[in-house]
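# Descriptive analysis of the structure
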Amino acid sequence: MASSGNDTINLDSLSAQQLSQVKKQLDEELEHLTSSFAQLHAAQSKFRECLRCVQDKNKSPTLRENSSILVPLTNSLYVRGNLSSTSHVVVDIGTGFYVEKEIKSAADFYENKVGEVGVSIKDLEAIVQAKTNNVRVVEEVLRQKMVAGTQ
């Protein structure tokens, strides 16, 4: 039996064409979930990199107030700037909003984000595994129907 949310379907009662449709739908859902899984991993990596930068900021002897730095505007565009404070950083809190935070507060923010995304990844991983198992069951029933149809 396959389940989609709270709906349970007796696969033996479906025709081969209906099973093919169910399999196609499950494959599409699985593709979308896998894409989301990859996006969550990318977001978690970004937050980890931000956390590393914030934690390493205090360890770097070259970062002093009024020192010249390159500020990333995008992944490939940097502009020159001057470091006005070594105890505060500007944090992207999402949807285009930036907040000035102390180093410790910024590190806590990014640690929380890494943890939250990690929980979402684990939850999504369980869903992907369940959908994958559903696809396997549907494929097996479809195979049985095809073999029974040729006899």
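Each remark here, short or long, concerns the structure printed above.
Residues numbered from 1 in each chain as written. Predicted model: local features only at pLDDT ≥ 70, side-chain atom pairs only at ≥ 80, totals over all residues. Heavy atoms only, no water.

Moving on, we come to the overall build of the protein chain. Scanning the protein chain from terminus to terminus reveals two helices and six strands. For the protein chain, the residues scored as buried account for 25% of the 151 residues in total. Contacts in the protein chain between residues at least 24 apart in sequence constitute 51% of all its contacts with a sequence separation of at least 6. If you sum the accessible surface of the protein chain, you get close to 10600 Å²; carbon and sulfur atoms cover 53% of it. (Helix = DSSP H or I, 4+ residues; strand = E, 2+ residues; numbered from the N terminus. Buried < 20%, exposed > 50% of the residue type's maximum accessible area, 1.4 Å probe, protein only. Contact = heavy atoms within 4.5 Å. Areas by Shrake-Rupley, 256 points an atom, 1.4 Å probe, with all protein chains shown as cover.)

This part takes up the side chain of Ser85. Tracing the backbone through its elements, the reader meets Ser85 in the loop between strand 4 (78-82) and strand 5 (88-94). At a separation of 3.2 Å, a polar atom in the side chain of Ser85 contacts the main-chain amide nitrogen of Ser87. Here His88 takes part through its backbone nitrogen, which lies 3.4 Å from a polar atom of the side chain of Ser85. (Polar contact = N/O pair within 3.5 Å; in protein donor to acceptor, adjacent residues only side chain to side chain.)

On the surface, Val71, Leu73, Leu77 and Val79 cluster together to form a nonpolar patch covering roughly 310 Å² of accessible area. Relative to the helices and strands, Leu73 resides in the loop between strand 3 (68-72) and strand 4. (Patch = residues over 30% accessible without salt bridge, like charges linked within 9 Å, V, L, I, M, F, W, Y side chains within 5 Å. Salt bridge = Lys/Arg side-chain N within 4 Å of Asp/Glu carboxyl O.)

The subject of this paragraph is the pattern of salt bridges. Applying the stated criterion to the full structure yields eight salt bridges. For Lys23, the salt bridge goes to Glu139, with nearest N and O atoms at 3.4 Å. Here the residue Lys23 occupies a position in helix 1 (residues 16-57), and Glu139 occupies one in helix 2 (residues 103-150), the gap between them amounting to 116 residues. The partner of Arg52 in a salt bridge is Asp56, and the shortest N-O contact between them spans 2.9 Å. Pair noted here: Arg52 and Asp56 are both in helix 1, with a separation of four residues, about one helical turn. When salt bridges with common partners are traced through the structure, they connect Lys23, Asp27 and Glu139 into a single cluster.

With respect to the secondary-structure elements, Val79 resides in strand 4. The partly exposed category is assigned to Val79, whose relative accessible area is 34%. Measuring from C-alpha to C-alpha, the distance between Val79 and Ile69 comes to 8.3 Å, with 10 residues separating the pair along the chain.

A few words on the pairing of strand 3. Within strand 3, only zero of the five residues are buried, which leaves it mostly out in the open. When strand 3 meets strand 4, the two strands line up antiparallel, connected through five bridges. Each residue of the ladder has a partner; that of Val71, found in strand 4, is Val79. (Pairing = 2+ DSSP bridges.)

Another aspect to go through is the environment of Val117. As for its position among the elements, Val117 is in helix 2. In sequence terms Val117 and Leu40 are 77 residues apart; their C-alpha atoms lie 6.6 Å from each other.

This part is about the packing of aromatic side chains. Aromatic ring pairs are described here by two measures, namely the spacing of the ring centres and the angle between the planes. For the structure shown, the criterion picks out two aromatic pairs. Between Phe47 and Tyr110 the ring centres are 6.2 Å apart and the planes differ by 40 degrees, which places this aromatic pair in the tilted class. On the criterion of sequence distance, the pair formed by Phe47 in helix 1 and Tyr110 in helix 2 is long-range, its members being 63 residues apart. Phe47 sits in the buried class, given a relative accessible area of 17%. (Phe/Tyr/Trp six-rings, centres within 6.5 Å; stacked < 30°, edge-to-face > 60°.)

Moving on, we get to the pairing of strand 5. Where strand 5 and strand 6 (residues 97-102) come together, six bridges link them in antiparallel fashion. Counted as the bridge partner of Val90 is Glu100 from strand 6. Here strand 5 hands over to strand 6 after two residues, with Thr95 in that stretch at a positive phi of 50 degrees.

Geometry only, nothing functional implied.
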